[in-house]
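Per-entry structural report
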Number of protein chains: 2
Amino acid sequence: MKTAKEHLEKFGIRPSIQRVAVMDYLLKHRTHPTVDEIYSALAPQIPTLSRTTVYNTLHLLYKHGAIFVVVIDGITAHFDGFTHPHAHFLCTECGKVYDVELKDSSFTNHNAPENAAEITDAQLYYKGVCKECRNKN
Amino acid sequence: MKTAKEHLEKFGIRPSIQRVAVMDYLLKHRTHPTVDEIYSALAPQIPTLSRTTVYNTLHLLYKHGAIFVVVIDGITAHFDGFTHPHAHFLCTECGKVYDVELKDSSFTNHNAPENAAEITDAQLYYKGVCKECRNKN
DNA sequence: CGTATCTTTGTAATGAATTCAAATATGTAA
DNA sequence: TTACATATTTGAATTCATTACAAAGATACG
């Protein structure tokens, strides 16, 4: 696996300590963390870290295509360092966001909006109940 | 076109004045309005109308499958009274949300999440710049 | 008519996200 | 190295969509 620093440089982003830490966290934690989860995890290592920096960094990473932003629950943004085409599944019971492998990823092109001059992002979301939650009841 | 009242009854929702007004607005305005747009449009006709009622009503309609909720810009929810399968396209310049006709709508089944016990919703979002905005520059 | 239930209302609270200006760090040229 | 411009980080204050909640009002049903 490429290091976070290499990742950033690949996307033309200057690798500051904070940026490397955020990128590294996203590469190592495929759990679609929120800003607060990222901030809380990194704050002990970087005591001066500010929430604003986490926001700034995530915006920057997104703008350069280094991460996905997953706004699936309508409340909080989740972040994903895995940028190969894939969909997401939100379990509305436990709130977890799962990756969904695409067996057919050609649909995004087939269905592209006619009145679009440019498409920068395409996301496929599922909502429902995951098997773990269903088995609990 | 079916009336808003008939629509609500079809989905098992009691047609109060406020609910009919919201449903009617969504059926007649295919612009994916926000809560505030709906509230502002209806407040003159229903002077006692509360924003909370609009929220309550939209939640209820969504729960009964009478409308779509489109959270595409990550900030504000947009509402859609047209519930046949279709995708959405957000122009990041003007903020408009467009309907996207699906030429191939079978992808949702093909790509359904493996660890889902139940799927309640599937949404396909595009982001980019619409032709009108591109032509302005 | 009376009571239980459903619906609406408005205020207050929540909390994710943004704004902004000051402080700090980094890169570059002399 | 030093000096200066630029880039980045920080934290406090603010914004604003959404939710919580309890009281008021409307509706259904015996």
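First, a word on what this report is: a plain description of the structure on this page. Note that the coordinates shown come from a computational prediction; the quantities given were computed from them, not determined experimentally.

**Re the overall build of chain A**
- When you go through chain A residue by residue, the secondary structure sums to six helices and five strands.
- Ordered by position from N to C terminus, the α and β elements of chain A give α-α-α-α-β-β-β-β-α-β-α.
- Burial status across chain A gives 45% buried among its 137 residues.
- Long-range pairs, those at least 24 residues apart, make up 48% of the contacts in chain A with a sequence separation of at least 6.
- For chain A, the exposed surface amounts to about 7300 Å²; the carbon and sulfur share of it is 51%.
- A gap of 5 Å separates the mean positions of the 15 positive and 15 negative side-chain charges of chain A.

**What to know about the interface of chain A and chain B**
- Contacts between the two partners involve 35 residues from chain A, matched on the other side by 35 residues from chain B.
- On the chain A side of the contact with chain B, N111, N115 and Y126 of chain A bury the most area, a combined 20% of that side's loss.
- The interface formed by chain A and chain B includes four salt bridges.
- Ionic pairing is found between K103 of chain A and E114 of chain B, a salt bridge with its closest N-O pair at 3.9 Å.
- Remark: the boundary between chain A and chain B carries 22 residue pairs in polar contact (both at pLDDT 80 or more).
- Sorting elements by how many residues they give to the side of chain A that touches chain B places strand β5 (residues 116-130) of chain A first, with 15 residues.
- Taken together, the residues of the side of chain A that touches chain B break down into 18 nonpolar, eight polar and nine charged.

**Description of the packing of helix α2 (residues 17-28) of chain B against helix α3 (residues 35-42) of chain B**
All names here are of chain B.
- Running from N to C, α2 and α3 point in directions that differ by 110°, and their axes come no closer than 11 Å. Judged by the angle between their axes, α2 and α3 are roughly perpendicular. Along this stretch, α2 crosses α3, giving a crossing that reads as right-handed. Residues A21, V22, Y25 and L26 of α2 pack against E37, I38, A41 and L42 of α3.
- Split into classes, the residues belonging to the contact of α2 with α3 amount to seven nonpolar, no polar and one charged.

**Some remarks on the relation of the copies chain A and chain B**
- The operation relating chain A to chain B is a screw motion whose rotation component is 180°, with 0.0 Å of axial translation and a residual RMSD of 0.1 Å. Accordingly, the operation relating the two chain copies is best matched by a two-fold axis. Judged by C-alpha distance, L124 of chain A is the residue of chain A that lies nearest the rotation axis, at 2.3 Å.
- Both copies share a contact surface, since 100% of the interface residues of chain A are interface residues in chain B too.

**A short note on the nonpolar core**
- Counting residues in hydrophobic clusters, the biggest one holds 48 residues, and the most contacted among them are I38 and L58 of chain A together with I38 and L58 of chain B.
- Elements supplying a minimum of two residues to this core: α1 (4-10), α2 (17-28), α3 (35-42) and α4 (51-63) of chain A together with α1 (4-10), α2, α3 and α4 (51-63) of chain B.
- When sequence neighbours within four positions are dropped, the list of residues in contact with I38 of chain B reads V22, Y25, L26, P33, V54, L58 and F79 of chain B.
- Counting residues in hydrophobic clusters, the runner-up holds 26 residues, among them A87, F89 and F107 of chain A together with V129 of chain B.

**Regarding the protein's contact with DNA strand C**
- H59 of chain A together with S16, R19, T48 and T53 of chain B are the nearest of the 16 residues found near DNA strand C.
- If you look at DNA strand C and keep only atoms within 4 Å of the protein, 76% of those are sugar or phosphate atoms.
- Separating a phosphate oxygen of DNA strand C from a side-chain N or O atom of Y55 of chain A is a distance of 3.2 Å.
- T48 of chain B is positioned with one of its side-chain polar atoms (N or O) 2.7 Å from a phosphate oxygen of DNA strand C.
- Every element with two or more residues in the surface near DNA strand C is listed here: α4 of chain A together with α2 and α4 of chain B.

Analysis parameters
- Residues numbered from 1 in each chain as written.
- Chains lettered and ligands numbered in written order.
- Predicted model: local features only at pLDDT ≥ 70, side-chain atom pairs only at ≥ 80, totals over all residues.
- Heavy atoms only, no water.
- Helix = DSSP H or I, 4+ residues; strand = E, 2+ residues; numbered from the N terminus.
- Buried < 20%, exposed > 50% of the residue type's maximum accessible area, 1.4 Å probe, protein only.
- Contact = heavy atoms within 4.5 Å.
- Areas by Shrake-Rupley, 256 points an atom, 1.4 Å probe, with all protein chains shown as cover.
- Lys, Arg positive; Asp, Glu negative; His and termini not counted.
- Charge placed at Lys NZ, Arg CZ, Asp CG, Glu CD.
- Buried area = accessible area lost by both parts, 1.4 Å probe.
- Salt bridge = Lys/Arg side-chain N within 4 Å of Asp/Glu carboxyl O.
- Polar contact = N/O pair within 3.5 Å; in protein donor to acceptor, adjacent residues only side chain to side chain.
- Nonpolar A, V, L, I, M, F, W, Y, C, P; charged D, E, K, R; others polar.
- Axes fitted to C-alpha atoms, helices over the stretch in contact; angles between N-to-C directions.
- Parallel < 35°, antiparallel > 145°, perpendicular 65-115°, else oblique.
- Left-handed = near helix turned anticlockwise from the far one by under 90°.
- Least-squares fit on C-alpha atoms with pLDDT ≥ 70 in both.
- Core = buried A, V, L, I, M, F, W, Y, C linked by side-chain atoms within 4.5 Å.
- Near = heavy atom within 4 Å.

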